[in-house]
Structures are given as C-alpha cells and as structure tokens.
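# An overview of the molecular structure
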Amino acid sequence: MISFNSIQELIDLANERQSTIGDVVLEYEAESSMKDREMLNKSMKDNWRVMQESIARGIANHDKSLSGLTGGDAIKLSAYKDKGYTGGTVMMAAANAVGVSEVNAVMGRIVACPTAGSCGIVPATLSAACEKNKNSEGEIIDALFTAAGIGLVIEANASIAGAYGGCQAECGSAAAMAAGALVQLAGGTPEQVGHAVALAIKNLLGLACDPVAGLVEVPCVKRNGFVAVHAMVAADMAMAGVKSVIPVDEVIDAMDRIGRSLPRAIKETAEGGLAKTQTAKKISKRIFGK
C-alpha cells in the first residue's frame, strides 16, 4: 500500500514508479478511500469546474461584500492585464486569484484550496497557465492531485490554518501547492516540484495573519493576488534549474516551528498587525459597533 509522510517520499515514489507525483497521490487516495480512480478523477474534475466558475464570476464581479471592504478589484486587474509591467499571464493570475477571493467574500461557491482564506491561489495560477499553454483537462487534473499531495504533507507536518500558524500556513501552503502543480503542468521532474514547493514557502515564512475586523477580506483578498504571482515565480525558478539550498521537508519543518512561535496576536485573532491600525479600528467599530 502506498504511504508518504514527506515531500521527499512523494518524490521517491514518483521516481520509482516512473510516474508523476499526481499519479502517486491519486493511487494513495484510491487505496485509502477505497474508491476507484475513475470516481476520484471525476471528483477532481468537479472541483476544477467549481474553480473555473468562481474565476469567471470573480473577474466579472462588481458586488461589494457585506462589510463593503472588498469587491470589484478583480475586474480592474483583468482590464489592466495587458498594460502592466508583468505581462498578461501574470496579471491574469493575480486577477483570477483576487476574483475567487472576492467570490468567497460575497458568500459565493469556491473550493477551499487549502482554505477559504487562500482559495484563489491554486485555481488562479492553473487557469492562467492553462490559458497560456493550452493544457488538457487530464494534465490539469494530474496537477491538482500533485497540489493535493503537497497540501496533505504540509497539513501533517506543519499546518494550513492561520489560527495555528499565521498566514504562512494558509497562503504559504497554497503557494507551495500552486508552485508544485505548475511545475507538474509544465512537465517538470518530481525533484523540480520539490524545489518549487521549498522556494514558495521559504519566502513567505513568518507571514502574519492579521485580518481587519476579523474578516477574511483585508488583507486576505489582495494577498491572494500577490501570492499567486509568487507561486508562479517559484515554479519558473525551479523549472529554470534553481534549487533550494534547504531541502523541502526541512523548510516545512521550519514553517511549523515558526508558526508555533508566532505571537497569538498575529494568528487570526485580529489583535495585532494591520487589524490594530487606527483605520482598522474605525472599520471594526463601523461594522460591529465596538
């Protein structure tokens, strides 16, 4: 029976089987859930359909959230995508990520991948990459299983929850999942997937979770856009041959230790960071009356 507790074990299994990490994860899911591969593939296709629907709604969204803090920014980014410094593909990824997060803020349907607060990063990057490279649905599904395996390892050895590990646990994990999936989508090796994961996490270590008024809107929505771009750069670095000096599983261990040591005030409590700025206090009072 297939089992893994680290990214390196995933890499080794993929190399032994001469398969992708996504295929290893699919086989693991089939064995552990006692469901056949066809059923699991269908379930992942359904997830991808929901992701695409949330992107489409997000980049056309003019609605403000109930708090009035977010809404309408994805459509601005989409309209600007060919005018900026970074190019259409990168800007579209940012727009997609912000859009999905805006859909979440107005209680729309999203895939928490791995969490609602970081829901835009994986679908946004894969959608932008697919549009650029014309990947098949099968390739996308394989990449999503790769992302799922990365998320499983991080959850087992660190955390994906902002309340436990700060935003490095939410957006950091999503960046890792997206970066690994993008490498898979580009035909990279299992080792390159591992380097992309390490590179993505390393540069988000210690990221605070400090939502204004305790809502998953500021800075969360725009942060999804920034981190989607971050994940794409990590994937490009790995595909270019750049390697992480610190092995990926040691990076995940560092993420766990940093998360444990972060002050409670910046772990989704709205007691520190941006949530305690003068403007944030006024916003909180306007929304909640205190």
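Residues numbered from 1 in each chain as written. Predicted model: local features only at pLDDT ≥ 70, side-chain atom pairs only at ≥ 80, totals over all residues. Heavy atoms only, no water.

Bringing helix 10 (residues 190-202) into the picture now. Here helix 10 spans 19 Å end to end across 13 residues, near enough to the 18 Å set by a 1.5 Å rise per residue. By the criterion of burial, helix 10 is predominantly enclosed, with 10 of the 13 residues buried. Regarding helix 10, the residues found buried are P190, Q192, V193, G194, A196, V197, A198, L199, A200 and I201. Those residues of helix 10 that are buried lie in contact with helix 1 (7-17), helix 2 (21-33), helix 7 (137-157), helix 9 (167-185), helix 11 (220-240) and helix 12 (248-261). (Helix = DSSP H or I, 4+ residues; strand = E, 2+ residues; numbered from the N terminus. Expected span 1.5 Å × (residues − 1). Buried < 20%, exposed > 50% of the residue type's maximum accessible area, 1.4 Å probe, protein only. Contact = heavy atoms within 4.5 Å.)

Among the nonpolar cores identified, the biggest contains 69 residues, and L126, L144 and I154 are the most heavily contacted of them. Sorting elements by how many residues they give to this core places helix 9 first, with 13 residues. Dropping the residues within four chain positions of it, I154 is found in contact with S159, I160, S173, A176, I201, I252 and M255. (Core = buried A, V, L, I, M, F, W, Y, C linked by side-chain atoms within 4.5 Å.)

With that out of the way, let us pick up the side chain of S118. Inspection of the secondary structure puts S118 in the loop between helix 5 (88-105) and helix 6 (121-133). A polar contact is formed between the side chain of S118 and the side chain of T115, at a distance of 2.7 Å. Every residue in contact with S118, bar those within four places of it in the chain, is listed here: C113, E170, C171, A174 and N224. (Polar contact = N/O pair within 3.5 Å; in protein donor to acceptor, adjacent residues only side chain to side chain.)

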